[in-house]
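Observations on chain architecture
Each chain is listed here by its residues.
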Amino acid sequence: MNIKDIFHTMDYGKAPESAELALEWLASHNNTFGHHINGSWVKGKEHFASNNPATGQELAQVAQADDKIVQKAVNAANKALPDWQALSGHQRGQYLYAIARLIQKNSRLFAVLETLDNGKPIRESRDIDVPLAVRHFYHHAGWAQLLDTEFPDHQAIGVVGQIIPWNFPLLMLAWKIAPALATGNTVVIKPAEFTSLTALLFAEICEQAGLPKGVLNVVTGDGRTGQHIVNHPEIKKIAFTGSTAVGRWIRQATAGSGKKLSLELGGKSAFIVCADADLDAAVEGVVDAIWFNQGQVCCAGSRLLVQEAVADRFHDKLISRMNKLRVGDPLDKSIDMGAIIDPRQQQKIATLVQAGVDAGASLNQSSVELPENGCFYPPTLLTDVSPSDQVVQDEIFGPVLVSMTFRTPSEAVALANNSRYGLAASIWSENINLAMHLAPLVQAGVVWINCTNQFDAAAGFGGVKESGFGREGGKEGLFEYLKNKPGKSPAKVTAKSTKSKPTSVNLNGLDKTPKMYIGGKQTRPDGGYSYAINDTAGDLICHVGLGNRKDVRNAVEAAAGSTNWSGMSGFQRQQVMYFMAENLSYREEEFAARLMAHGHSKKAADAEVQAAIERLSYYAAWCDKYDGQVHSVPMRGVAMAMHEPIGVIGIQCPDEAPLLSFVSLLAPAMAMGNRVVMTASEHFPLPALDFYQVLNTSDVPAGTVNIISGEQAELCKPLAGHMNVDAIWYFGEDSETVERESATNLKRSWTVTEVRDWHNNGQGSEFLRQASQVKNIWTPYGE
Ligand code: NDP
């Protein structure tokens, strides 16, 4: 081919990266690996092959860890823990810094090995995965240094178990290990069976960095090894990235175990192109959103929503760009798309696309010539799809984009939110006001405006809804690896249970049954049953309604339908909450009398009412002050971490300090803009049930607060399992039921089984954090 021909075809030549270095490293291990535990290699018994998806050739044999190997790793991590925690933040930071430097020094080896093992283009592993992994270690070296001053009330959790997927093997490892080590935890990590090699190389790098033995332990294997980690009683936290199905199983398996959990799961992220967008830029955005890493990205912009006026033009541009993408040898530096991870994943993609076509979708597939061998799938666009189609709802995890149109911005929001997932979204408009208007309305943990797939260690990443909970990166991500330092000694609950068996009471005539409060109205229990509340002498005070699952459903419906409160400004909420404090103070004596009926002395009752008034004022003060942050990310632009309400929170109140605990849980949830379904203390419900008077007289919109009484064990299941409840707070003994049920829609759960001293330890940033979620909105500067 002469130069004239080249100009004519504009074809690229081959630009292969050499695999030699990585193959030599594999050969230096005889292409067979054990586990890396306690700073050295431990031979495996059974092995499986790790293949190069671009060629199908075997790269190495990797060991399958059984429960004994996992135990060995946990023992090493446990043994290393005290010394690791005894180091100063500065000293721990030095190790993270050394790891960052060593990855940098070996960056070519890491990039090539990653590309061989995963099939992703070398351009991506070299320019994105490895530099971002390095960035994570540098960033968290800094957090280690700052830990004592920035998190004085927190400490490490202990041994953490981490399970990562195959789509970003080194990067996910860095996202998990860097914050865990910075905060003083020790780690047992399992890479995905398809892609264990860079994790094993990383273990060697840590050895070179002089990381103390046992601080990091890498065990390899398939899902069974993951299960051993999840179920291990000495592992105090599980950090998982992967499919929603496995995430749900982990939520159920860890229920009641006291393990802390963060789940980064699947997605079906919306990519919204408004009519006034820079269409050429948006086309490039789509390329990065869905064809980056062959679309095997949890936050891939896989649902394109284009405004009708420009849809045809946009699709034409997109198809023409798609046809120019180069698919092939991932080691070729000028390739756009590499290989799919495994033939099974390729088959899954093909099956889903066929199902879409069978359901009526129009198939637009790049005519690119695919390599004869290896596991490749062409860039694909499906149009003429409906919101309920499987291809629109399910995560395909491949280079497949589905496209729909919208007419108005509110229709775009409705379509974007019509998904069980909520990981990310991308919004394209030259009108920044419009984009900034849409960003808070889209249900997602991350929103990119006029950009996509931006990541950085300084900005938290993570989802809402069935995309999981918890954040990785940013200050918000560090809390996932920390727990509170032991609090002040808890108050004893002196009052004993006064509950009697449910009895049917005559609800006609003279009815002394304090009602429940649902949708702004006093309500009788659906079942018509009530239970007796006795005073400390055992004499009947009155009966209260015995709520059932129907009452829970009614209350959730009222809360879900009442969105006014969440739409109010912090200042407006503040005024209402100050009003609540004022109205409670008018009724001081009434509430004190209720507490005295529950066995409080006059002094204790007065003190509790006073504390409840103060607590309302405390959270009223916070309404307009719990600010977000502007993260310092290395781009010309900003990543704004905004605190948002979670939505509907179900709250089960404890018995101790029945008025103060009720207010201490209600007020932060309200302050952050949530609607709540409260279940009153089971044995001392009267102050909570009387609280409707305060709400009714304080301009609280109907449905914002709903209060149910009844048996906690009976109510916790439907409340924790309800699909319209977005978070559950539980203060009681049976955290297992609540956590297991919360797996239905993977809602956030906050379960506290120890008795709390509500006077001295019942307010603060912990409550505000639980009542809000962080959304990171990225906006670049410039033309
Ligand atoms: P999985 O969720 O099955 O795997 C993720 C990690 O969990 C892997 O290390 C896996 O091990 C491990 N694992 C599997 N089963 C269990 C278990 N029961 N207990 C503990 N750990 C377990 O995802 P896949 O890799 O199978 O991918 C399937 C689908 O998941 C994809 O098609 C995609 O839709 C989605 N996915 C989402 C990702 C995300 O980032 N959100 C990432 C990867 C996949 P091993 O791989 O060794 O079996």
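Model, not experiment: these values are computed from the prediction. Residue positions within a chain follow its written sequence, with the count starting from 1. Under the rules for a predicted model, residues below a pLDDT of 70 receive no local features and side-chain atom pairs below 80 are neither given nor counted, while totals for whole chains, interfaces and linings still include all residues. For side-chain calculations, the full set of non-hydrogen atoms in the structure is used, while hydrogens and water are omitted.

**With respect to the UniProt feature "domain: Aldehyde dehydrogenase" (unreviewed entry) in the chain**
- UniProt positions are given in the numbering used here, feature names are shortened, and annotations may be inferred rather than shown by experiment. As annotated by UniProt and renumbered to match this structure, "domain: Aldehyde dehydrogenase" (unreviewed entry) occupies residues 41–485 and 533–746.
- Strands are runs of DSSP state E lasting at least two residues, helices are runs of H or I lasting at least four, and both sets are numbered from the N terminus onward. Across residues 41–485, the secondary structure splits into 44% helix and 18% strand, with the terminal C-alpha atoms separated by 35 Å.
- From the first C-alpha to the last, residues 533–746 spans 35 Å; its make-up is 50% helix and 18% strand.

**Observations regarding the site of the ligand**
- Taken together, the neighbourhood of the ligand is formed by 28 residues, with I164, W166, E193, S243 and K348 sitting nearest.
- Here a nitrogen atom of the ligand sits 3.3 Å away from a polar atom, N or O, in the main chain of G242.
- Taking L265, its main chain carries an N or O atom lying 2.9 Å from a nitrogen atom of the ligand.
- Counting residues per element, the ones that place at least two in the shell around the ligand are α9 (223–231), β9 (237–241), α10 (244–253) and α13 (343–358).
- Considering every element that reaches the shell around the ligand, the biggest residue donor is α9, with three residues.
- Counting only domains with at least three residues in the shell around the ligand, you end up with domain 1 (20–265 + 477–484) and domain 2 (269–462). When we say a residue is near a molecule or strand, we mean one of its heavy atoms is within 4 Å of it. Here a polar contact is taken to be a pair of N or O atoms separated by no more than 3.5 Å, where protein atoms must pair a possible hydrogen donor with a possible acceptor and residues adjacent in sequence count only if both atoms sit in side chains. Reported domain spans reflect what an automatic or database domain assignment gives.

**With respect to the side chain of Q294**
- Within the element layout of this structure, Q294 appears in the loop between α11 (279–290) and β12 (303–307).
- For Q294, a relative accessible area of 0% corresponds to the buried category.
- Note on definitions: a residue-residue contact is assigned when non-hydrogen atoms from the two residues lie within 4.5 Å. Discounting chain neighbours no more than four positions away, the residues touching Q294 are G119, K120, P121, M337, G338, A339, I340, G398 and P399. Only protein chains enter the accessibility calculation, which uses a 1.4 Å probe. A residue is then buried if its area is under 20% of the maximum for its type, exposed if over 50%, and partly exposed in between.

**Describing the environment of Q652**
- On the secondary structure map, Q652 appears in strand β29 (residues 648–652).
- Residues Q652 and P343, spaced 309 residues apart in sequence, show a C-alpha to C-alpha distance of 47 Å.
- In this view, Q652 contacts T679, Q712, L715, C716, L719, W729, Y730, F731 and V738; residues no more than four positions away in its chain are not counted.
- A polar contact is formed between the side chain of Q652 and the side chain of T679, at a distance of 3.5 Å.

**Overview of α10**
- By the burial criterion, the buried members of α10 are T244, G247, I250 and R251. Down the axis of α10, the sector holding all buried residues measures 115°, keeping them to one side. In this context, the arc is that of the directions from the helix axis out to the C-beta atoms.

**A few points about a positive patch on the surface**
- Here a patch means residues that are over 30% exposed by relative accessible area and free of salt bridges, tied together within 9 Å if like-charged and within 5 Å if nonpolar (Val, Leu, Ile, Met, Phe, Trp, Tyr). A 1.4 Å probe and the Shrake-Rupley method give the accessible areas. Residues count as covered only by the protein chains that appear here. Salt bridge, as applied in this entry: a Lys or Arg side-chain nitrogen positioned within 4 Å of an Asp or Glu carboxyl oxygen. When charges are counted, Lys and Arg contribute as positive and Asp and Glu as negative, whereas His and the chain ends are disregarded. To locate a charge, take atom NZ for lysine, CZ for arginine, CG for aspartate or CD for glutamate. On the surface, R549, K550, R553 and K717 cluster together to form a positively charged patch.
- With three residues, helix α18 (residues 549–561) is the single largest residue contributor to the positive patch.
- Looking at the element boundaries, K550 is found in helix α18.
- Judged by relative accessible area, K550 falls into the partly exposed class, the value being 34%.

**Brief notes about the packing of aromatic side chains**
- Here is the rule: rings of Phe, Tyr and Trp (six-membered ring for Trp) pair when centre to centre is within 6.5 Å. Planes less than 30 degrees apart are stacked, more than 60 are edge-to-face, and the remainder are tilted. Tallied over the full model, the rule gives 26 aromatic pairs.
- On the numbers, 5.7 Å between centres and 50° between planes, the contact of W84 with Y95 is tilted. With W84 in helix α3 (residues 67–86) and Y95 in helix α4 (residues 89–105), this pair connects stretches of sequence that are eleven residues apart.
- For W84, a relative accessible area of 1% translates into the label buried.
- Consider the rings of F662 and F691, whose centres lie 5.2 Å apart with planes at 65°: the pair is edge-to-face. Here the residue F662 occupies a position in helix α23 (residues 658–671), and F691 occupies one in the loop between α24 (686–690) and α25 (692–696), the gap between them amounting to 29 residues. The residues F662 and F691 share a single accessibility class, namely buried.
- Here the aromatic cluster, defined as three or more aromatic residues joined through ring pairs, consists of W729, F731, W750, W758 and F767.
- For a Lys NZ or an Arg CZ to count as sitting over a ring, it must be within 6 Å of the ring centre and within 35 degrees of the ring normal. Directly above the aromatic system of W758 lies the positively charged group of R756, at a separation of 5.7 Å from the ring centroid.

**Section: the sheet that holds β12**
- Paired strands are those between which DSSP finds at least two bridges. The ten strands lie next to each other as β13-β14-β15-β12-β11-β17-β18-β34-β28-β27, forming an open sheet whose pairing is mixed. Each of the sheet's edge strands pairs with one partner strand only, and the pair in question is β13 (362–365) and β27 (629–631). Put simply, the sheet's adjacent strands are angled 20° from each other on average, direction ignored.
- Here β12 runs beside strand β15 (residues 400–406); their pairing, made up of five bridges, is parallel. Considered in β15, the bridge of Q307 is made with F406.
- Together, β11 (270–273), β12, β13, β14 (380–383) and β15 form the strand contacts of helix α12 (residues 308–322), whose direction differs from that of β12 by roughly 135°. Axes here refer to lines fitted to C-alpha atoms; in helices the fit is confined to the stretch in contact. Angles between the N-to-C directions go from 0 to 180 degrees.

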